[in-house]
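Architecture and fold: a report
Spelled out from the first residue to the last, the chains are:
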Amino acid sequence: MFRMKGSRWVVGCIGSIVLSFNPSFAQDGKGPEPSEKAVVEESGKGPELELSLERAVEIAVEQNLGLKVEALRRQIERTRIVEAQGEFEPVLFSTLSTTRASNPTASQLQGARRLDVNATHLDFGARQVLPTGASLTFTANADRTRTNSQFATLNPSVDSFFQVEARQPLLRGAWTKYGLSTIDQARLGTRAVDSDFERSKSEIVFSCIEAYWRLAFSIADVEVKLLSLSLAGDLYEINQAKVDEGVLAPVEVLDAESQVFSRREQLIGARNAVQDAEDTLRRILFNFEDPVHWQFFIIPTSEPIEEPIQLPDWELASRVSKTRRADLRAIRERLEQTRLALYQSTVESRPQLDLFGSSRTNGIDRTLLESYSEAAQVSTTAWTVGLSFELPFPFNRARSSRMRRARLELRQGEIDLRSRENDVITDVRATLRDIASLQEQIVATRKASELARARLDAEQKKYDVGFSTNFQVLELQEKLAAELTNHSLAVINYQIALRRFENVQGTLLDSLELGSEPALLEELESESPSWWRVPVARDTDGMARKPKILPQD
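None of these values were measured; they are calculated from a predicted model.

**Considerations on helix α10 (residues 397-464)**
Between the first and last C-alpha of α10 there are 94 Å, a value that for 68 residues agrees with the 100 Å anticipated at 1.5 Å per step. Phi turns positive, to about 85°, at G466, one or two residues after α10.

Given below as structure tokens:
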């Protein structure tokens with residue numbers, strides 16, 4: 001029995017077709033499905049993984065390496081916000097130095113023939129930048145001096161001061177919008193990367209869904225090819241029996257024998273397509289840290305749907321897409337980044353006009369503490385207030401170039417957004433047309449399969465009584481196989497088109513209900529995972545059942 005639940009819609013149809021016109025399959029009024037003619041072999045080459053569509057999506061989200069790369073990119077981008085915020089963190093500074101000097105003098109007023117000076121300098125303080133662009137600096141300074149001059153009244157002496165300085169730009173680099181623009185750009189960049197991650201996740205999920213259904217079709221197509229080969233083999237056996245009885249010329253066997261080998265060739269190609277489709281899905285699902293990931297036989301178990309759905313108006317669907325599409329949100333976020341960059345360039349191109357001021361208190365004594373104590377009494381105070389102005393002459397080409405580049409990038413981003421929105425509308429319309437077309441194709445191919453079955457049934461009966469030929473029967477067999485393939489392909493394409501429409505609208509992730517089962521790696525490491533079983537009904541190539549068809553190789 002073929003072990004793919006999702007292919008029952010093909011297998012059941014094939015079985016009913018065969019039983020309806022070929023009595024040789026019937027035993028005691030009840031015949032097996034075509035695949036029951038296969039020789040069941042246990043290869044023992046690897047485990048089979050029965051996989052629902054929902055579980056496949058979960059595994060892809062958990063294991064896909066491309067998605068992990070995008071997740072790390074999100075974390076990297078978030079560090080830029082903290083980096084930008086660091087500009088407004090206070091900075092502590094300090095300097096300690098010592099100087100020794102011994103110099104000859106030219107005057108007795110210097111207090112010694114050779115003046116020796118030992119000086120120690122100490123300063124410390126804090127600096128803070130505000131979002132308005134202002135900078136505040138507090139400095140505590142002390143200079144201790146020891147000399148051999150006889151005129152020194154304090155020896156050693158400590159000269160100290162406390163000073164507070166403030167500077168506020170009024171034009172260039174001024175005010176909060178400019179001061180916080182770097183942080184705002186980092187946040188916009190993070191949101192853009194988040195949107196990129198969501199889009200990548202949606203694309204990977206859709207790729208997983210598409211690969212899942214392509215594998216389902218490939219396996220179902222093997223069943224069709226097995227049916228076609230079985231029909232050709234049965235006709236060959238009937239003709240050979242008639243030749244043995246002398247009622248049919250030996251040349252009549254050649255057509256059936258030729259078709260057996262031709263259809264066996266088609267079966268080989270179909271089996272190879274299963275392996276290709278399996279590898280495509282496997283590459284999306286697993287990270288291959290364990291070689292066992294290459295050894296699974298993936299068995300899709302989800303049932304496809306054939307019922308038509310009510311299609312929305314393309315204008316409504318387009319409006320939803322413009323709102324929900326993650327890639328459009330990313331473009332809008334980056335467009336806002338460009339607007340901020342243009343604003344920064346505009347502010348930086350202004351002349352520099354700064355308001356500054358400072359206040360300072362002094363103290364002097366023999367020790368550091370006494371000197372600081374005197375400075376703290378604010379008995380001697382000096383203050384300064386002023387304006388500073390700077391104008392590039394004749395003009396700053398670098399700043400002008402940055403501003404022009406920002407304007408061009410903004411214009412480029414606006415055009416790109418409009419172009420992408422037009423692409424989205426085109427995608428929505430095309431996907432809706434595909435869904436409507438596939439709904440009709442499913443009905444048409446189902447009817448064509450039924451008619452092909454009826455024609456083959458009638459032709460087989462005519463052949464049994466000698467009113468038809470090998471050529472006509474074989475031609476109708478091929479027609480039936482082609483119509484079955486067309487129907488299964490239409491059904492699979494319909495499943496993919498429905499999910500593509502959700503992906504185009506940006507609603508695919510919301511429409512999927514992901515379970516809370518453990519990650520696949522935990523299942524692989526467990527001693528007896530629930531989905532692990534010995535493969536059956538596989539030949540040495542890992543494909544479904546090797547048919548017993550004459551003539552033998």
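**Describing the packing of aromatic side chains**
Using the criterion set out here, one finds 3 aromatic pairs in the structure. Centroid distance F162 to Y372: 5.2 Å. Interplanar angle 25°. Geometry classified as stacked. Separated by 210 residues along the polypeptide, F162 in strand β6 (residues 157-169) and Y372 in helix α9 (residues 368-376) bring together distant segments of the chain. Chaining the aromatic ring pairs together yields one cluster made of F138, F162 and Y372. A cation over a ring is seen here: R74 above F197, with NZ or CZ 4.4 Å from the ring centre.

**Some details on the pattern of salt bridges**
Per the stated rule, a full pass over the model turns up 30 salt bridges. A salt bridge links R74 to D194; the shortest N-O distance between them is 3.0 Å. In this pair, R74 sits in helix α3 (residues 65-85) while D194 sits in helix α5 (residues 181-245), placing the two residues 120 residues apart along the sequence. R332 is paired through a salt bridge with E421; the nearest N and O atoms lie 3.4 Å apart. With R332 in helix α8 (residues 326-348) and E421 in helix α10, this residue pair connects regions lying 89 residues apart in the sequence. Given the relative accessible area of 27%, R332 is considered partly exposed. Among the residues examined, E421 registers a relative accessible area of 19% and is labelled buried. When salt bridges that share partners are traced, they join E70, R73, D196 and R334 into one network.

**Some points on the packing of α5 against helix α11 (residues 470-505)**
Packed helix pairs are specified by the crossing angle of their axes together with the interaxial distance, meaning the distance between the axes. Orientation of α5 relative to α11, taken along the N-to-C sense of each, is 170°, at an axis distance of 10 Å. One element, α5, and the other, α11, form an angle in the roughly antiparallel class. When the residues that make up the contact of α5 with α11 are grouped by side-chain class, the tally is 17 nonpolar, 10 polar and 8 charged.

**Describing the sheet that holds strand β9 (residues 381-390)**
Reading across from one edge, β3-β4-β5-β6-β8-β9 is the order of the 6 strands in this open sheet, with antiparallel pairing throughout. Where the open sheet ends on each side, the last strands, each with one partner, are β3 (91-104) and β9. Across the sheet, the mean angle from the axis of one strand to that of its neighbour is 15°, orientation sign disregarded. With 14 bridges connecting them, β3 and strand β4 (residues 114-129) associate as antiparallel partners. Bridge assignment links V91 to a residue of β4, and that residue is R127. Across the sheet, α9 touches β4, β5 (135-147), β6 and β8 (352-365), and the angle it forms with β8 is around 125°.

**Some thoughts on the layout of surface pockets**
Roughly 280 Å³ of internal volume is contained in the second largest pocket. In terms of lining residues, the second largest pocket is bounded by 14 residues, among which I305, Q495, L498, R499 and E502 are the most central. Taken together, the elements giving at least two residues each to the lining of the second largest pocket come down to α2 (53-63) and α11. The leading source of residues in the lining of the second largest pocket is α11, at 5 residues. Among the residues making up the lining of the second largest pocket, the classes are represented as 8 nonpolar, 2 polar and 4 charged.

**Points about the environment of A497**
Turning to its location among the elements, A497 is positioned in helix α11. Judged by its relative accessible area of 1%, A497 falls in the buried class. For A497, the contacting residues outside a window of four places in its chain are T431, I435 and L438.

**Brief notes about the nonpolar core**
Residues C208, I209, W213, L281 and L285 are the most contacted members of the largest nonpolar core, which totals 58 residues. For this core, the secondary-structure elements that each account for two or more residues are β2 (48-51), α2, α5, α6 (252-285), α10 and α11. Ranked by the residues each element gives to this core, the list is headed by α5, at 23 residues. Counting 22 residues, the second-largest nonpolar core is a separate cluster that includes L335, L342, L417 and V428.

Analysis parameters
Residues numbered from 1 in each chain as written. Predicted model: local features only at pLDDT ≥ 70, side-chain atom pairs only at ≥ 80, totals over all residues. Heavy atoms only, no water. Helix = DSSP H or I, 4+ residues; strand = E, 2+ residues; numbered from the N terminus. Expected span 1.5 Å × (residues − 1). Phe/Tyr/Trp six-rings, centres within 6.5 Å; stacked < 30°, edge-to-face > 60°. Lys NZ or Arg CZ within 6 Å of the ring centre and 35° of its normal. Salt bridge = Lys/Arg side-chain N within 4 Å of Asp/Glu carboxyl O. Buried < 20%, exposed > 50% of the residue type's maximum accessible area, 1.4 Å probe, protein only. Axes fitted to C-alpha atoms, helices over the stretch in contact; angles between N-to-C directions. Parallel < 35°, antiparallel > 145°, perpendicular 65-115°, else oblique. Nonpolar A, V, L, I, M, F, W, Y, C, P; charged D, E, K, R; others polar. Pairing = 2+ DSSP bridges. Contact = heavy atoms within 4.5 Å. 1 Å grid on protein atoms, 1.4 Å probe; cavity = no way out; pocket = protein on both sides within 12 Å on 5 of 7 lines; lining within 4 Å. Points joined across faces, edges and corners; volume = space filled by probe spheres on them. Core = buried A, V, L, I, M, F, W, Y, C linked by side-chain atoms within 4.5 Å.

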